[in-house]
Amino acid sequence: MNKKIQSANVNTPRHPLRLGFVPLTDCAPLVMAKELGLFKKYGLDVVLSRELGWATIRDKVIHRELDAAHAIAAMPVAATLGLNSIPCDCVTALILNVNGNAITLSDELWEHGVRDGATLRQEVVRRRGEKMFTFGVVYPFSSHNFLLRSWLQSAGLHPDHDVRIAVVPPPQMVANLKAGHLDGFCVGEPWNSVAVQARVGWCVAASAELDPGHPEKVLMVRREFAETRAAEHVALVAALLEACEFCDAPQNCNEVAATLARPEYVNVPAAALRRSFEGTFDFGHGRVRRVAEFNVFYRHEANEPSGDKMAWVIRHLHESGLCKQTSVLNFALGRQVFRADIFEQAVKWRAAAARATGGSPPAGDLVPATPPRPVKLPSLPKSVVSAI
């Protein structure tokens, strides 16, 4: 039985919080919280760390090279169960965004008459024995994998037998599509728009259309961090919640896109980054249509790690077959990973700070003047631990 990563010494000297992200449009709350001074506003010293992909994010969180990270919604559950990694208890107290992905196919498929799932199936059947079509996803335990598999199945294609699905870091998707190593992919923005602008791909569907309101990215921390540095954790959630609200306001679209375009962040043209903010989306080959909620950072109570978002993750992990011991995928586990109670602390603190200081928490304090009472996270059920 694998041993869990043990808790760090609580007397370890404090250092700037190391917050990881992958270059995607939905890293915007982390970037804008830094650029707008929101981390400092909430008394935090934060260093952002750009990472290539999700396996790196997972491993660096587990091994304490990162204190917190922009992460795939299912990653805290997968890490807790040790799916493809060392088991490490992780939690999330903030959903950073919902929706935000698309499925992109190669221009070669367009030239061969593919326009949707049905015509893709025809092409796969026509070339069976000659070519195995390969599609990229960013992480096995991701909405991208779940959405792509569901879309393929709706077209009559078996995702494990009729095609091949490969894990590719988001920034490498377009290059692999152009080189012919991939025939399509499911990824977050801006990489779909980059493929369209480069005329190497076209979008067949947006995740806001396929599964509206699906949880996408979360703030992930180790459970021991949430316990031993509870006030800093709540402050981090509060700062990012304020950044999510800023990113969701239409009048801030240009500023957010221009900031993300910088080399240290996403490093693609601002025009590609704006696509998912504008309410209309260019699917390629002259097909532009309205997708008003392509990416939602704050509206519709997007940020609470609520029971319905937790249930979405648990259900898709179960249905995907990626967790062999499905009995551990239950709501008891979900409630211990998706921490709505910590989110509520951050919401209350943010409101109280605004009332007390006219919009800002007390200046100069690492934690609030009256810090939220740390919440002791319950232990995992014995049935879960024994199964691991």
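Draft legend 1. Representation of the packing of helix H7 (residues 143-154) against helix H15 (residues 307-320) within the structure. The contact between H7 and H15 brings their axes to 11 Å, and the two run at 60 degrees. Compared by their axis directions, H7 and H15 come out oblique. Crossing angle aside, the handedness with which H7 passes H15 is left-handed. Residues Ser-143, Phe-146 and Arg-149 of H7 form the contact with H15, whose own contacting residues are Trp-312, His-316, Leu-317 and Ser-320. For the contact of H7 with H15, the class distribution of residues is 3 nonpolar, 3 polar and 1 charged.

Draft legend 2. Fine view of the packing of aromatic side chains. With the rule as written, the count across this model stands at 8 aromatic pairs. A ring pair is formed by Tyr-139 and Phe-141, whose centres lie 5.7 Å apart and whose planes are at 70 degrees; its orientation type is edge-to-face. By relative accessible area, which is 2% here, Phe-141 ends up buried. Through pairs of rings, three or more aromatic residues link up here, namely Phe-281, Phe-283 and Phe-294. Positioned over the ring face of Trp-110 is Arg-115, at 3.7 Å from the centre of the ring. Above the ring of Phe-283, the side-chain terminus of Arg-289 is found at 3.8 Å from the ring centroid.

Draft legend 3. Local environment of helix H1 (residues 28-35). In terms of burial, H1 is a largely internal element, 6 of the 8 residues being buried. Within the span of H1, buried status applies to Ala-28, Pro-29, Leu-30, Val-31, Met-32 and Ala-33. In the segment just after H1, Gly-37 is the residue with positive phi, at about 75 degrees.

Draft legend 4. Summary view of the sheet that holds strand E2 (residues 46-50). The strand order E2-E1-E3-E10-E4-E13 describes an open sheet built from 6 strands, whose pairing is mixed. In this open sheet, the two edge strands, each paired with only one partner strand, are E2 and strand E13 (295-296). Where strand E1 (residues 17-21) lies against strand E3 (residues 68-72), 2 bridges are found, and the strand directions are parallel. Along E3, the bridge assignment pairs Leu-19 with Ala-68. Helix H3 (residues 54-62) rests against E1, E3, strand E4 (90-99) and strand E10 (215-222) of the sheet, and its axis sits at about 140 degrees to E3. Together, E3 and E10 form the strand contacts of H7, whose direction differs from that of E10 by roughly 150 degrees.

What counts and what doesn't
Residue numbers restart at each chain and count upward from 1, following the sequence in its written direction. Side-chain atom pairs in this predicted model are given and counted only at pLDDT of 80 or more, local residue features only at pLDDT of at least 70, and totals for whole chains, interfaces and linings cover all residues. The basis for every side-chain value is the complete set of heavy atoms in the structure, and neither hydrogens nor water enter the calculation. Angles here are taken between N-to-C directions and fall from 0 to 180 degrees, while the axes themselves are lines fitted to C-alpha atoms, restricted in helices to the stretch in contact. In this description a helix means any DSSP run of H or I spanning at least four residues, a strand means any run of E spanning at least two, and both kinds are numbered starting from the N terminus. Geometric relationships in this document are graded by angle, where less than 35 degrees denotes roughly parallel, more than 145 denotes roughly antiparallel, 65 to 115 denotes roughly perpendicular, and other angles denote oblique. Should the near helix be turned anticlockwise from the far one by less than a right angle, the crossing is termed left-handed; should it be turned clockwise, right-handed. Note on contacts: a residue pair is in contact if any heavy atoms of the two residues lie within 4.5 Å. Under this grouping Gly is polar, as are all residues other than the nonpolar Ala, Val, Leu, Ile, Met, Phe, Trp, Tyr, Cys and Pro and the charged Asp, Glu, Lys and Arg. Note on aromatic pairs: the rings of Phe, Tyr and Trp (six-membered ring only in Trp) are paired at centre separations within 6.5 Å, and the planes decide the class, stacked below 30 degrees, edge-to-face beyond 60, tilted for the rest. Remark: exposure states derive from per-residue accessible area (1.4 Å probe, protein chains only) relative to the maximum for the residue type, with buried under 20%, exposed over 50%, and partly exposed in between. Over a ring means this: the NZ of a Lys or the CZ of an Arg is within 6 Å of the ring centre and within 35 degrees of the ring normal. A pair of strands is treated as paired once DSSP finds two or more bridges between them.

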